[in-house]
Amino acid sequence: MAQTVLVVDFGGQYNQLIARRVREANVYCELISFEQIEQKIAETKPIGLVFTGGPASFNEPGAPRIPAEVLSMGIPVLGICYGCQLIAGTLGGAVGNGPREYGRRKLKVEKKRSKLFDGVKPESDCWMSHTIYIEKLPTGFVTTATTETCPVAAMENEKSKLYGVQFHPEVIHTEEGFKILKNFLYGVCGATGEWTMSGYVERTVSELKAKVGDKKILCALSGGVDSAVAATLIHKACPNLTCIFVDHGLLRKGEAEEVVRVFRDEQGMNLVAVDASERFLKKLEGVTEPERKRKIIGEEFIRVFEQEAKKIGAVDYLVQGTIYPDVIESGLNHSAKIKSHHNVGGLPDVVDFKELIEPLRLLFKDEVRRLGFELGLPEQIVMRQPFPGPGLAIRIIGDITKEKLDILRDADYIFRDEIAKAGLDREIWQYFAALTNIRTVGVMGDERTYDYTVILRAVTSVDGMTADWARIPFDVLQNISDRIVNEVKHVNRVAYDITSKPPATIELE
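Note that the structure is a prediction, hence the values are computed from the model and not measured. (Residues numbered from 1 in each chain as written. Predicted model: local features only at pLDDT ≥ 70, side-chain atom pairs only at ≥ 80, totals over all residues. Heavy atoms only, no water.)

A. Representation of the pattern of salt bridges in the model. Under the definition given, this model contains 40 salt bridges. For E355, the salt bridge is made with K211, and the minimal N-O distance between the two is 2.5 Å. Of this pair, E355 sits in strand 14 (residues 355-357) while K211 is found in helix 5 (residues 197-212), placing the two residues 144 residues apart along the sequence. A salt bridge links D406 to R409, with the shortest nitrogen-to-oxygen separation between them at 3.6 Å. Taken together, the positions of D406 and R409, both in helix 13 (residues 402-421) and 3 residues apart, correspond to about one turn of that helix. Note on D406: relative accessible area 32%, which makes it partly exposed. (Salt bridge = Lys/Arg side-chain N within 4 Å of Asp/Glu carboxyl O. Helix = DSSP H or I, 4+ residues; strand = E, 2+ residues; numbered from the N terminus. Buried < 20%, exposed > 50% of the residue type's maximum accessible area, 1.4 Å probe, protein only.)

This is how it looks when you write it as structure tokens:
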């Protein structure tokens, strides 16, 4: 295993972001609860610890604490926000209420030869979010940076390798933040930068070969990023992999054909492609309620997969596309809390297998994409946008028919095509067309029409938890609208959704 840094979570809103930044610096890290700190130090022998921020005040009863011995083990520590206050309070400093600082502040470096601020500009913008501050430094510490209203914006005890910053170096608003993190990882912790996707492929393939050999492996391949990368990684290591792709007829234009072409023809996988579109359409006939759609599609997918899996017989391993945020959100490495059915919709209950393989469980989404490129997958697979399991069924308001699916596929294809032509496909986090159940009067070719309204939805986001509507240029929107009403039958009106999340959700259903 690569050198490890432990990111110790105290409930901060940026906990995953800190971990991702450490990984971006080519240093492997794990995000753990503060309650696990002693156990994890013993298990991983980390080269450094990063304490996250958190909502608590150090002086509050019940505020998160760590054993003071952790700070005397000789392991370098970087405390961020609450983590900085925790170091100060634990070692005898004073923490108290101060002037509220929220947003950008001008950071002034006070100690020119600090390893943490090596090469950092004397003054730069930083991002603050606190009402508590350090009133008195612990013995042996010095102030290394200040702001106009924060007398201890950063502190350190170089001899003990203990560092604290009141601001948030992990967010993009902190101008020199990534440099500061890298200074800690490389200048203080002695990281060698061995966490790379090429190294991950080499290690994982070697481990899989040793563990699995020529035993039978089964993978449910949806064509989404996670399952695609997981299957490709397993295929590289293991000869006896069978992938089952269930086409429920609710994919975007050309996607089913693309999955077969890429994974069977180009990657050479043993791919069983099942066209179950008529079966799903029949089950969904007359159904309008979104949750019923989801339930029907989920249950029917399991039934189809089960039938195909029985033809293969008992398998030794089932592949699951769990990624690191799934693990974190299920309990910060408390394995008992991890939902074994998270990614495959209950498949472990209906497939006879001995063990799960989760080759991506250490990776964040951006790392999964980098891994996909490392494995040679095409860009249209690796950069595939988030797409709901029920597919187009929840992008059609009301009942689902073949005619409506054809209308939506064509409109959605035009939208995606024009966004790509405008060079906006990497800037917009997610964009798609939805078909409403609204029919309106229009005039086309001097004739009255009474046809459907298509809604365009495009958002910018980091993780999908919140999202803002994308400011697509008017001329691009006009091109999209003109093409849809001219090229797609039974559509005479196009609308653009300018609602952010919250209050709306990204999907319409």
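B. Spatial organisation of unusual backbone geometry. The step from K501 to P502 runs through a cis peptide bond, and the omega angle for that step is -10 degrees. With respect to the secondary-structure elements, P502 resides in the segment after strand 18 (491-496). The step from P502 to P503 runs through a cis peptide bond, and the omega angle for that step is 10 degrees. Even without glycine at this site, C81 takes up a positive phi of about 55 degrees. With respect to the secondary-structure elements, C81 resides in the loop between strand 4 (77-80) and helix 3 (82-90). Phi is positive for H490, close to 70 degrees, though the residue is something other than glycine. Position of H490 relative to the elements: it lies in the loop between helix 14 (474-487) and strand 18. Residue H490 is classed as partly exposed on the basis of its relative accessible area of 35%.

C. Up close: the packing of aromatic side chains. Going through the model one piece at a time under the given rule, you end up with 10 aromatic pairs. Here the aromatic cluster, defined as three or more aromatic residues joined through ring pairs, consists of F10, F34, F51 and Y82. Above the plane of the ring of Y413 lies K253, whose end atom (NZ or CZ) is 5.2 Å from the centre. The ring of F432 carries the charged tip of R395 above its face, separated from the ring centre by 3.8 Å. (Phe/Tyr/Trp six-rings, centres within 6.5 Å; stacked < 30°, edge-to-face > 60°. Lys NZ or Arg CZ within 6 Å of the ring centre and 35° of its normal.)

D. Region of the structure containing the state of the cysteines. Here the structure, examined in full by the defined rule, presents 0 disulfides. Between C29, a free cysteine, and C189, which holds the nearest cysteine sulfur, the sulfur-to-sulfur gap is 12 Å. Since its relative accessible area comes to 0%, C29 is described here as buried. C219 carries a free sulfur, and the closest cysteine sulfur to it, the one in C243, is 4.5 Å from it. Residue C219 is classed as buried on the basis of its relative accessible area, which comes to 2%. (Disulfide = S-S within 2.5 Å.)

E. Fine view of helix 4 (residues 177-188). Relative to the 16 Å expected for 12 residues at 1.5 Å per residue, helix 4 spans 16 Å between its end C-alpha atoms, a close match to the ideal helical length. By the burial criterion, the buried members of helix 4 are G177, I180, L181, N183, F184, L185 and V188. Along its buried surface, helix 4 packs onto strand 1 (4-9), helix 1 (15-24), strand 3 (48-51), strand 4 and strand 9 (162-165). Downstream of helix 4 by a residue or two, G190 has a phi angle that is positive, lying close to 80 degrees. (Expected span 1.5 Å × (residues − 1). Contact = heavy atoms within 4.5 Å.)

F. Representation of helix 11 (residues 365-374) within the structure. The set of residues buried in helix 11 consists of E367, V368, R369, L371 and G372. Elements that come into contact with the buried residues of helix 11 comprise helix 1, helix 5, helix 6 (225-237) and helix 12 (379-382). Of the residues flanking the end of helix 11, it is G376, one or two places downstream, whose phi is positive at about 90 degrees.

G. Structural view of the environment of L181. With respect to the helices, strands and loops of the structure, L181 is situated in helix 4. Judged by its relative accessible area of 3%, L181 is buried. Each residue touching L181, except ones within four places of it in the same chain, is listed here: R21, L78, P169 and E170.

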